[in-house]
Amino acid sequence: MKKLAVAATAILLLLSGCTDKQKANGPKEPVKEVEEVIQDEVENEIPYHYPLTGVGSETKTDGRAVAVMINNHPKARPQSGLHKADIVYEILAEGDVTRFLAVFQSEKPDNMGPVRSARDYYVDLAKGLDALFIAHGYSEEARELLERGYVDNLNGMVYDGTLFKRASFRDAPHNSYITYENVLKGAKEKKYSMDQSPPEFKFLTEDESKSVTGDEAKSVMISYSASGIFDSIYEYDASVGKYKRYSNGDQTIDHESKEPILIDNLFIIETTHQVIDEAAHKEIDLESGGSGYLLQKGKVIQVEWKNDNGVIVPVSNGEVVPFVQGKTWVNVVPTNPGLQTSVSFNVK
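Calculation criteria
Residues numbered from 1 in each chain as written. Predicted model: local features only at pLDDT ≥ 70, side-chain atom pairs only at ≥ 80, totals over all residues. Heavy atoms only, no water. Buried < 20%, exposed > 50% of the residue type's maximum accessible area, 1.4 Å probe, protein only. Helix = DSSP H or I, 4+ residues; strand = E, 2+ residues; numbered from the N terminus. Pairing = 2+ DSSP bridges. Arc of directions from axis to C-beta. Contact = heavy atoms within 4.5 Å.

S.K.: Can you walk me through the pairing of strand 3 (residues 66-70) in this structure?
M.R.: On a regular strand, each side chain points to the face opposite its neighbour's, so the side chains alternate between the two faces of the sheet. Of all five residues in strand 3, five are buried; the element is thus mostly enclosed. Side chains Val-66, Val-68 and Ile-70 of strand 3 all project onto a buried face; the interleaved residues Ala-67 and Met-69 project onto the opposite face, where all are buried too. Two elements, strand 3 and strand 5 (residues 97-104), share five bridges in a ladder whose sense is antiparallel. Its bridge partner being in strand 5, Val-66 is matched across the sheet by Phe-104. Alignment of strand 3 against strand 7 (residues 132-135), held across three bridges, turns out to be parallel. If you follow Val-66 over to strand 7, its bridge partner there is Leu-132.

S.K.: Would you mind going over the sheet that holds strand 10 (residues 176-179) with me for this structure?
M.R.: Within a beta sheet, neighbouring strands are joined by backbone hydrogen bonds and run either parallel or antiparallel to one another. Taken in spatial order, the three strands make up an open sheet running 6-10-9, and their pairing is antiparallel. Looking at the sheet topology across the chains shown, the edges are occupied by strand 6 (111-112) and strand 9 (164-166). By the bridge criterion, three bridges tie strand 9 to strand 10 in an arrangement that is antiparallel. In the strand pairing of strand 10, Phe-164 is matched with Ile-178.

S.K.: Looking at this model, I keep getting lost on unusual backbone geometry. Mind explaining?
M.R.: Residues Gly-113 and Pro-114 are joined by a peptide bond in cis, for which omega reads -5°. Examined against the element boundaries, Pro-114 turns out to sit in the loop between strand 6 and helix 4 (120-128). Here Asn-248, not a glycine, exhibits a phi torsion of approximately 50°, which is positive. Looking at the secondary structure, you find Asn-248 in the loop between strand 14 (242-247) and strand 15 (250-251). Located in the positive-phi region is Lys-258, a residue other than glycine, with phi close to 65°. Turning to its location among the elements, Lys-258 is positioned in the loop between strand 15 and strand 16 (262-263).

S.K.: Got a minute to help me understand helix 7 (residues 180-189) in this structure?
M.R.: Count 3.6 residues to each turn of an α-helix, and residues three or four apart come out pointing the same way. Of the residues making up helix 7, those classed as buried are Tyr-180, Asn-182, Val-183, Gly-186 and Ala-187. All buried residues of helix 7 lie within an arc of 155° about the axis, which places them on one face of the element. Along helix 7, exposed side chains directed more than 90 degrees from the buried face belong to Glu-181, Lys-185 and Lys-188. Along its buried surface, helix 7 packs onto strand 3, strand 6, strand 7, strand 8 (153-155) and strand 10. Downstream of helix 7 by a residue or two, Lys-191 has a phi angle that is positive, lying close to 60°.

Structure representation (structure tokens):
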């Protein structure tokens, strides 16, 4: 950078020696080129980028992702740690009750929760990201996967009262929490490596993000329940260039810090759901691909989705569609009733 500064200074000194006529007319192109080179050099100075957000960093960005099952029952709101998740997957757990899989890699929250029980399709998502999977409880399908070591995991059924703590201000089963410190403690105890990084998503550059196109999508509502309790509403805030999230009329914020959830990419996909037992647990197809919407910068485009080695990505004309750098939420809805019925744009 010092060499570039010296070169730029020399050019400016050379230009200052020009005649008055030359100064008046101004050789604008060389100056512009110098500015562009300087800008490119500044951008290239950021040597590392986080794999799940694309955000640049001066320090290394490697390290294993941690995927945590987070409760979304009204008695569990507001949750802890969601504002620091790189990716959050919102999917039906049973009936019309949704649950989150929050994936952390670029930021490590002090506290996460309330932690809730696993489902097999959430386990598959964690596996695709090579993440350490954190849950408290499980369905029978998820239990079989976890007990045979399908993914490295820590479960509150084993560590309740040790790694997992019960909050006094909420009632069970909405009061199980785990700190990031205890995640690392548990990983060390189980001899799980925390070094391997997750696979990288594809991202737009900052300049490309300024030219995002699509239909207007200043707000969107995703309907999961007739009562509206589990409906998700996202509103675009142009002042920050991100979406804010609401549940049942309340903005989604962090319990401790009160910071709002701010989202750069909202990826909505539809896939088949099948009820498999009396508890209304579901079998959800996250393998076959299908239709979706991608919302960025207040715009929406129609896309397809595919499972790329365990990772759900948006595609168009066979090519992966890049995300805007930042945080992503993925909402999964059933093909019955489907995107057209479940998703409403520009709602008031």
